[in-house]
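Breakdown of the fold
The lines below spell out each chain.
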Amino acid sequence: MRRSVTVLATAVLTATIGLVTALPATAKTSPPTASSHSIKTSPYVALGDSYSSAAGVTPFVVGSPPACSRSQLNYPHDIAAVLQPETFTDVTCSGAKTQDYFTTQTGATAPQLDAVTKDTRLVTMTIGGNDGGAFSGILGSCVTASFRNALGNPCQQQYGSRFTDIVAQQTYPNLVHALTAVHQKAPRATVVILGYPRVLPDTGTVGCYPSMPIAVGDVAYVNEWAQALNTAVEKAAAETGSRFIDMSTSSQGHDACQPPGTRWIEPLTNPVNAAAVHPNATGEAAMARQTLAQLGL
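For clarity, every value in this text was computed on a predicted model and none was experimentally measured.

1. Thoughts on the nonpolar core
What tends to happen in soluble globular proteins is that the nonpolar side chains get buried as a cluster. Grouped together as the largest cluster of nonpolar side chains are 56 residues, with contacts concentrated most on Leu 47, Met 125, Met 212 and Val 277. Counting residues per element, the ones that place at least two in this core are strand E3 (122–125), helix H4 (134–145), helix H5 (154–159), helix H6 (162–185), strand E4 (190–194) and helix H7 (219–240). Ranked by residues supplied to this core, first place goes to H6 with ten residues. In this structure Leu 47 touches Ser 52, Val 91, Thr 92, Tyr 101, Gln 112, Val 116, Val 123, Thr 124, Met 125, Thr 126 and Val 182, once residues within four positions along its chain are discounted. Of all hydrophobic cores here, the second largest spans 18 residues; its members include Ala 46, Leu 122, Ala 286 and Leu 295.

2. Points about the pattern of salt bridges
With the rule as written, the count across this model stands at four salt bridges. Linking Arg 188 and Asp 119 is a salt bridge whose minimum nitrogen-to-oxygen distance equals 3.8 Å. On the criterion of sequence distance, the pair formed by Arg 188 in the loop between H6 and E4 and Asp 119 in the loop between strand E2 (88–90) and E3 is long-range, its members being 69 residues apart. Judged by relative accessible area, Asp 119 falls into the partly exposed class, the value being 37%. For Glu 266, the salt bridge is made with Arg 263, and the minimal N-O distance between the two is 2.9 Å. Among the residues examined, Glu 266 registers a relative accessible area of 3% and is labelled buried. A single network of salt bridges, built from pairs that share partners, joins Lys 118, Asp 119 and Arg 188.

3. Things to note about the sheet that holds E3
Either a parallel or an antiparallel arrangement is found when strands of a sheet pair, and the pairing is made through backbone hydrogen bonds. Spatial ordering of the open sheet is given by E2-E1-E3-E4-E5, a layout of five strands whose pairing is parallel. The sheet is open, and its two borders are formed by E2 and strand E5 (243–245), each paired with just one other strand. Pairs of neighbouring strands in the sheet enclose a mean axial angle of 15 degrees, with direction left out of account. The pairing of E3 with E4 spans four bridges and is parallel. Residue pairing across strands places Met 125 opposite Ile 193, the latter belonging to E4. Where helix H3 (residues 75–83) meets the sheet, its contacts fall on strand E1 (44–46), E2, E3 and E4, and the angle it forms with E3 comes to roughly 150 degrees. In the packing of helix H8 (residues 281–295) onto the sheet, contacts are made with E4 and E5, and the angle to E5 comes to roughly 135 degrees.

4. Regarding the state of the cysteines
Disulfides are covalent bonds that connect the sulfur atoms of two cysteines. Summed over all chains, the structure comprises three disulfides. Paired by a disulfide, Cys 142 and Cys 155 hold their sulfur atoms 2.1 Å apart. Between Cys 142 and Cys 155 the disulfide shows an S-S torsion of about -75 degrees. By sign, it is left-handed. In this pair, Cys 142 is assigned in helix H4 and Cys 155 in helix H5, connecting sequence segments 13 residues apart. A relative accessible area of 0% places Cys 142 in the buried class. Here Cys 208 is linked by a disulfide to Cys 257, with a sulfur-sulfur distance of 1.7 Å. Residues Cys 208 and Cys 257 share a disulfide whose torsion about the S-S bond is about -60 degrees; that sign makes it left-handed. Taken together, the residues span a long stretch of sequence, with Cys 208 in the loop between E4 and H7 and Cys 257 in the loop between E5 and H8 at a distance of 49 residues. Cys 257 sits in the partly exposed class, given a relative accessible area of 23%.

About the cut-offs
- Residues numbered from 1 in each chain as written.
- Predicted model: local features only at pLDDT ≥ 70, side-chain atom pairs only at ≥ 80, totals over all residues.
- Heavy atoms only, no water.
- Core = buried A, V, L, I, M, F, W, Y, C linked by side-chain atoms within 4.5 Å.
- Buried < 20%, exposed > 50% of the residue type's maximum accessible area, 1.4 Å probe, protein only.
- Helix = DSSP H or I, 4+ residues; strand = E, 2+ residues; numbered from the N terminus.
- Contact = heavy atoms within 4.5 Å.
- Salt bridge = Lys/Arg side-chain N within 4 Å of Asp/Glu carboxyl O.
- Pairing = 2+ DSSP bridges.
- Axes fitted to C-alpha atoms, helices over the stretch in contact; angles between N-to-C directions.
- Disulfide = S-S within 2.5 Å.

Shown next as structure tokens:
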């Protein structure tokens, strides 16, 4: 049993690492409590990482950089389909960090902020999960650690606060910097940043391990990091006058351990039409619905 679990986890780790490849300043902002009637939705610019681009979800946007894995079914396209903005620009890109708002992303695109102008009125994004290598780092580390004890919490024992420290020391200040820069470029825009939906259930189970080979006792540890990340996103949004979209409540029960048709996140093993541990088309549609609902649009 231990040997078969090790072989499975090794294969999954290899596939996952292959798939998972941004100083505060004063700016005029659209108030986070602004009435929906005051929110202008065009021009609309979509920024962000693989959760914004819908990595692996076909069909892809024709002419977009292959490295960005930018889907026609990502939540920005779903939002644009409802709002029908006169101008819609999607520069989302898989693997993006906050630094890619300011510099060219390797093998992909110009700095994402190049798409934002003084006339932009709506900006959406998910960003921050890749900063400091935290997303790929905690997944890879915890899959590897599970070889030693699939029923315990070997990842937590080995790494302790390493990944939540990345969020506090790197991700949060980077988010404030990136969001502030967006406001400075588009002072009349409503700037919206989504939290990340839930990847794992509240507690680990043996039944979920084949799909998400993270030790049963480490599921809570990974969830703690995910909550710290979303808290940092929410805090940075509040500090910069941006709008935060909470995905934690609506995504409960739609994690990667659920069956097809119920899950919004595809699992590490055998993902269907989405990158491993990323939203599928149903999850992207749910992110769009929550954004529109929480903005009152």
